[in-house]
Structures are given as C-alpha cells and as structure tokens.
Amino acid sequence: MDSMQIENSRQEPLPDFPLQEKKGISGSTLKIIAIVTMFIDHVGAALLGRYIMASGYLEIAVSGDMHAILTWLEEYGVLYYVYTAMRMIGRIAFPIFCFLLIEGFQKTHDVRKYALRLGLFALISEIPFDLAFNAQILEFAYQNVFFTLFLGLLAMIGYDWIWKRRWFSAKVPGTAVKLLLSAVVLGFFCFAAEVLKTDYAAIGVICITVMYAFRRKKAAQIAAGCVAFVWEITAPLAFIPIGFYNGKRGLKLKYIFYLFYPLHLLLIYLICMVLGIAGYSVV
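Source: prediction; values computed, not measured. (Residues numbered from 1 in each chain as written. Predicted model: local features only at pLDDT ≥ 70, side-chain atom pairs only at ≥ 80, totals over all residues. Heavy atoms only, no water.)

Attention now goes to the overall build of the protein. Along the backbone of the protein there are 12 helices and zero strands. Listing every helix and strand of the protein by position from the N terminus yields α-α-α-α-α-α-α-α-α-α-α-α. Across the protein, the fraction of contacts at a sequence separation of at least 24, relative to all contacts at a separation of at least 6, is 75%. As displayed, the protein offers around 16,400 Å² of accessible surface, 68% of which is attributable to carbon and sulfur atoms. (Helix = DSSP H or I, 4+ residues; strand = E, 2+ residues; numbered from the N terminus. Contact = heavy atoms within 4.5 Å. Areas by Shrake-Rupley, 256 points an atom, 1.4 Å probe, with all protein chains shown as cover.)

Right under this line is the structure:
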C-alpha cells in the first residue's frame, strides 16, 4: 500500500450535521402573540363591555350610590374583573405590532407597496371597526389602529430620508438640522394622528418613532420602548417576547394580520347582534 492509499484510509467521511437554528422567537410567533392578545382585548371591549353597559353599569356608576354599586358588583363583579383582565392582556398587542412594523420597514423590498398596503387596509377595516365599537357603519370620532401604524410608517420614512441626506460637511450643524427636521416630521404626523383621532393617536406615533430611533441596539430599543409605553401598566410586558426575537421571519403570515383584523371585528359585531346587545355602547 503506497503512502497515498494509507492517507486515504485514515480519512473518514464527515457526519452530515443539520444546520443549527438560531434560538428565540421568530417574527411569525411574535405576530401570533400580538393577534391573540389583540383578539382578547377586542372581545373584552366590544362584547363584555356591552354586557356591562346593558347591566346598567353607567347609571349606577354616575349615581355614586355605594349600596347600588356594591349590589351591582355582587351580581356582575366577576364579569367586570374578567373584562378588566382581558383589557390588560390586550395592552401587550400594540407594542409588538409597533416592533413588527419597524422590522417590516427595515426589511421590505418596496416601502411604497408596504405603505400602500397599510393605508388600504386602514380604509377597509374602518367599517368593521366602527360596527364593532360604535354599532355604526361609519363614524369619524375614532379610527382604527391601521391608521396609526400607517402614520408611524410615514414618520419613519421621513426620519430615514432626513438622516441619509448630506447638507453640511460639518457634523455638528448637520446633526442639529437633522434633529430639528426630525422633530418637525414627528410633530406633523402626531398632529395628523390627533386630527384623524386614530387609535392611540399621537402617543402611538411617538412610541413607534422612539422604538425606531433606538433600533440599532436591542437592549436600548427595549428600554426605550418600556419608557415610551409606561403610560399603560401592562404594555411593557410586550418587550419580554420582543427580547427573545431571533431576527427570523418564521412562518409566512404576511397577510394574516391584514385579513384577521377586519374579519374578527365583523365577527364580534355579529355575535353582539345575535345576543341583542349591539345597540349598547362600549365601556
């Protein structure tokens, strides 16, 4: 046996190890968490909330009669506590949707189509939203969350455009101008959210922009997000699953949220109609 044969006899085929997947939570898992918590919130608000109003809650609360309030709590207390718990769980959804919006903006191949899709579904979802929460085909006192996400996306587009420009060779005045223009853009879209009366309004646009500004470092983004959402007690809990995000898309659920949002609102309204409580306002 020559030296070449000896060398080949020593070599064994390398085992075919599967590629190790990055641990953590994928984008699709985050989306499912957000959808489920949003659904819980909307069932609590639009269904249980109407049951509470149908029970005479508003009249008793306004009267200030402690005996009547205690009597009401004896009969409907469990319902009210379940309603409260569902609304608190629901606060987890919006921060996750904001985070996914930022991820989508950074990874999309066509930001115009992304913006058009958000704007289109904002319009499509408005009638189901108004039916679910106001029992009206159209009303303009309060608009669905797609409008908030749409305005937040436009704010990020404006912010990104500003910071990619080179107007000054000197760093300090250039940065100052960019900060000023960024504040103007943020102010404009916050004003638009307030005028349109979107869900979460200006504070929603601010939260999206803050999280986008700190996007480069995960820990800083989570900390900034917790501060931005401190006004809602349970909302910062959303940053626990966000913290485990592994940067992977996961399952292909591109249109799930877009379709689920108007459809589940219509379903809730139809259930309210069947139960005969659709005419009551939401708590």
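Bringing the packing of aromatic side chains into the picture now. Inspection of the entire model under this criterion finds 28 aromatic pairs. Seen from their ring centres, Tyr-80 and Tyr-81 are 6.2 Å apart, and the 70° between their planes marks the pair as edge-to-face. One aromatic cluster is present, built from ring pairs that chain together Phe-97, Phe-121, Phe-146, Tyr-255, Phe-257, Tyr-258 and Tyr-261. Cation over ring: Arg-215 sits above Tyr-212, and NZ or CZ is 3.9 Å from the ring centre. (Phe/Tyr/Trp six-rings, centres within 6.5 Å; stacked < 30°, edge-to-face > 60°. Lys NZ or Arg CZ within 6 Å of the ring centre and 35° of its normal.)

Each pocket or cavity is described by its volume, and for the largest pocket that value is around 810 Å³. Lining the largest pocket are 25 residues, with Lys-31, Gly-104, Tyr-114, Arg-249 and Lys-254 positioned closest to its centre. Broken down by secondary-structure element, the contributors of at least two residues to the lining of the largest pocket are helix 2 (27–54), helix 5 (93–107), helix 6 (111–134) and helix 12 (256–275). Considering every element that reaches the lining of the largest pocket, the biggest residue donor is helix 5, with six residues. Taken together, the residues that form the lining of the largest pocket break down as 11 nonpolar, five polar and nine charged. Roughly 340 Å³ of internal volume is contained in the second largest pocket. What lines the second largest pocket is a set of 19 residues, and nearest its centre among them are Asp-41, His-42, Arg-87, Arg-91 and Asp-199. Those elements that place two or more of their residues in the lining of the second largest pocket are helix 2, helix 4 (66–90), helix 5 and helix 6. Classifying every residue of the lining of the second largest pocket by side-chain character gives 13 nonpolar, two polar and four charged. (1 Å grid on protein atoms, 1.4 Å probe; cavity = no way out; pocket = protein on both sides within 12 Å on 5 of 7 lines; lining within 4 Å. Points joined across faces, edges and corners; volume = space filled by probe spheres on them. Nonpolar A, V, L, I, M, F, W, Y, C, P; charged D, E, K, R; others polar.)

Nothing here speaks to function; it is geometry throughout.
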